[in-house]
Amino acid sequence: MKYFTTVHDIKSADALIKQALEIKSDPFLWNKLGRNKTLGLIFLNPSLRTRLSTQIAAQNLGMNVIVMNIDKEGWALEFEDGAVMNGNKVEHIKDAAAVLGTYCDIIGLRSFPSLQNKEQDYSEHILLQFMKHCKVPLISLESATLHPLQSLADAMTIYEKKKKQRPKVVLSWAPHIKPLPQAVANSFSEWMNALDVEFVITHPEGYELKEDFTVNATRVYNQEEALHNADFVYVKNWSAYNEYGTIPPVKENWLLDQNKMRVTNNAHIMHCLPVRRNVELSDELLDSSVSLVQQQAENRVYAAQAVLKNILQSNYRTEKLTEVQTQLIEA
Ligand code: SN0
């Protein structure tokens, strides 16, 4: 494995989830695998869980880790090809990413969307430029459109807790005070599509996600109807995709509380964190025994460890890329 940016970068989601759960049962089994290898974690946006869990994962494998908040501590980066750099952008991404590739064996990158320019965000122009110019394996730490390490940890948590072969999983839109990326919701959808679950998405009109990510999901606009018989309810806010980056007004109350959970099958609630308490989810639910948010956060370590282990064990220098990866990088 050279890249981990989407569920489509791996052969089997089911197999990777099982590997991550095995690692969780014996986290130090592979603690020599990463000897003398360096992971560079590059952040263009804030992070708590992703940064710390990925560092711990790398340490558990015996790797060295360096971290840089490139947006705050680095030179202002230029991303446009052919730019005449006579303004306040100091260094081109081509040069910066190439240097990082010489220092690191694997790079992790966090790059949020602008939420201003749909085409640019959904082309993943920042992630792709890093992939193209750093030349080493790259892991997405949440890109403009996806958050695969989060989804892998979420899927692990569902595997640990499910009581039936094919649970009903509901992704339920939540209110928020500001426009957020669609990345967590897109990513959770494409992972649920890849697994044996009954997957339902519920959100107010105007908050439809890009269909590429949701193809096999059932969409229900009525939250109560969607929650009926649910085994897992994943709560998350996102801004509009169609009217890109806007937050169309919503009349009904979409905050998930204990009362709304009555129609579910004693469902567990999930959220990737950070959560706006009593805006997205009520305190009573977050602090109750049905909440899996801490387990999801804990599983972030083993999700990252499974991905790093796969990369370290692969012949990524000679590995043939998939057709999609080649097209993306050469575009
Ligand atoms: C990010 C998101 O993509 O929704 C990261 C989630 C892992 N969340 C936020 O940016 C929350 C910001 C806020 O003000 O609540």
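In the block above lies the structure referred to throughout.
Model, not experiment: these values are computed from the prediction. Along each chain, residue indices are assigned from 1 in the same order as the chain's sequence is written. It should be noted that, the model being predicted, local features are given only for residues of pLDDT at least 70 and side-chain atom pairs only at 80 or more, the latter also being counted only at that level, while totals for whole chains, interfaces and linings use all residues. Hydrogens and waters are ignored; side-chain quantities use all the structure's heavy atoms.

J.: For the overall build of the chain, give the residues involved together with the corresponding values.
T.: In terms of regular secondary structure, the chain is built from 13 helices and 12 strands. All radius of gyration figures rest on C-alpha atoms, and the globule criterion is 2.2 Å times the number of residues raised to 0.38. Whereas a compact globule of 331 residues would reach a radius of gyration of roughly 20 Å, the chain reaches 20 Å, a difference of no more than 12%. Partly exposed residues are those whose accessible area sits between 20% and 50% of the maximum for their type, while under 20% is buried and over 50% is exposed, using a 1.4 Å probe and protein chains only. Per-residue burial for the chain yields a buried fraction of 57% across its 331 residues. Throughout, a residue-residue contact means that at least one pair of heavy atoms, one from each residue, lies within 4.5 Å. Restricting to contacts in the chain with at least 6 residues of sequence separation, those with at least 24 account for 78%. Note on conventions: DSSP H or I runs of at least 4 residues are helices, E runs of at least 2 residues are strands, and numbering of each starts at the N terminus.

J.: Describe in detail the site of the ligand, supporting the description with residues and values.
T.: Nearness of a residue to a molecule or strand requires only that one of the residue's heavy atoms be within 4 Å of it. Within the structure, the ligand sits among E142, H147, H176, K178, L180, P181, K236, C272, L273 and R276. Between K236 and the ligand, the recorded distance is 2.7 Å, taken from a side-chain N or O atom to an oxygen atom. Here the ligand loses 86% of its free accessible area of 410 Å² to cover by the protein chains. Residues were grouped as follows: Ala, Val, Leu, Ile, Met, Phe, Trp, Tyr, Cys and Pro as nonpolar; Asp, Glu, Lys and Arg as charged; and all remaining residues, including Gly, as polar. Broken down by class, the residue content of the shell around the ligand amounts to 4 nonpolar, 2 polar and 4 charged. By the criterion applied in these results, polar contacts are pairs of N or O atoms within 3.5 Å in which, for protein atoms, one can donate a hydrogen and the other can accept it, and in which residues neighboring in sequence qualify only through two side-chain atoms. We get accessible surface area from the Shrake-Rupley algorithm with a probe of 1.4 Å; when it comes to residues, only the shown protein chains can shield them.

J.: Residues and numbers for the packing of helix α7 (residues 148–161) against helix α12 (residues 293–313), please.
T.: Where α7 meets α12, the closest approach of the two axes is 8 Å, and the angle between their N-to-C directions is 115°. Relative to α12, the crossing made by α7 is right-handed. Mapping the contact onto sequence places L149, Q150, L152, A153, D154, M156, T157, E160 and K161 in α7 and Q295, Q296, N299, R300, Y302, A303, A304 and V307 in α12. For the contact of α7 with α12, the per-class residue count stands at 8 nonpolar, 5 polar and 4 charged. Only the stretch in contact is used when fitting a helix axis, every axis being a line fitted to C-alpha atoms; angles between N-to-C directions are given from 0 to 180 degrees. Each crossing gets its hand from how the near helix is turned against the far one by less than a right angle, where anticlockwise is left-handed and clockwise is right-handed.

J.: Got a sec to walk through the sheet that holds strand β6 (residues 106–110)? Specific residues and values, please.
T.: At least two DSSP bridges between two strands are required for those strands to pair. Spatially, the 5 strands line up as an open sheet ordered β1-β7-β6-β2-β3, and their pairing is parallel. Looking at which strands have only one partner, the edges of the open sheet turn out to be β1 (3–4) and β3 (64–69). Sheet topology places β6 next to strand β7 (residues 138–140); 3 bridges connect them, and they run parallel. Looking across to β7, one finds that I107 is bridged to L138.

J.: Explain the sheet that holds strand β8 (residues 168–173) to me, and be specific about the residues and the numbers.
T.: Taken together, 5 strands build an open sheet; the order of strands is β10-β9-β8-β11-β12 and the sheet is parallel. Sheet topology places β10 (218–220) and β12 (268–270) at the edges, where each strand pairs with a single neighbour. In this sheet, adjacent strand axes meet at a mean angle of 25° when their direction is disregarded. Pairing of β8 with strand β9 (residues 198–202), which is carried by 5 bridges, proceeds in the parallel orientation. By the bridge assignment for β9, S172 is matched with T202.

J.: Lay out a nonpolar patch on the surface in plain terms, naming residues and giving numbers.
T.: Like-charged residues are merged into a patch within 9 Å and nonpolar side chains (Val, Leu, Ile, Met, Phe, Trp, Tyr) within 5 Å, provided each residue has over 30% relative accessible area and no salt bridge. By convention in these notes, a salt bridge is any Lys or Arg side-chain nitrogen within 4 Å of a carboxyl oxygen on Asp or Glu. On the surface, L48, L52 and I56 cluster together into a nonpolar patch covering about 260 Å² of accessible area. Tracing the sequence through the fold places L48 in the loop between β2 (38–43) and α2 (49–60).

J.: Outline unusual backbone geometry, listing residues and values.
T.: With an omega of 5°, the peptide bond running from L273 to P274 counts as cis. Looking at the element boundaries, P274 is found in the loop between β12 and α11 (283–286). Look at N36: it is not a glycine, yet its phi comes out positive at around 65°. Mapped onto the elements of the fold, N36 is located in the loop between α1 (13–25) and β2. Positive phi, normally seen in glycine, also occurs at L115, with a value near 60°. If you trace the backbone, L115 turns up in the loop between β6 and α5 (118–122). A relative accessible area of 12% places L115 in the buried class.

J.: So what's going on with the packing of aromatic side chains? Which residues, and what values?
T.: Aromatic rings from Phe, Tyr and Trp, with only the six-membered ring used for Trp, were paired whenever their centres fell within 6.5 Å, and each pair was classed as stacked if the ring planes differed by under 30 degrees, edge-to-face if by over 60, and tilted otherwise. Inspection of every chain in the model, using the stated rule, returns 9 aromatic pairs. With a centroid separation of 6.4 Å and an interplanar angle of 55°, the aromatic rings of Y122 and F213 are classed as tilted. Placement of Y122 in helix α5 and of F213 in helix α9 (residues 211–214) is noted, with a sequence separation of 91 residues between them. Judged by its relative accessible area of 10%, F213 is buried. Centroid distance F188 to F199: 5.9 Å. Interplanar angle 70°. Geometry classified as edge-to-face. Residue F188 is located in helix α8 (residues 183–193), and its partner F199 is located in strand β9; the two are separated by 11 residues in the primary sequence. What links up through ring pairs into an aromatic cluster is the set Y122, F213, Y241 and Y244. A cation over a ring is seen here: K309 above W30, with NZ or CZ 4.6 Å from the ring centre. Note on criteria: charge over ring means Lys NZ or Arg CZ within 6 Å of the ring centre, with the direction from the centre no more than 35 degrees off the ring normal.

Remember, this is a structural readout, not a statement about activity or role.
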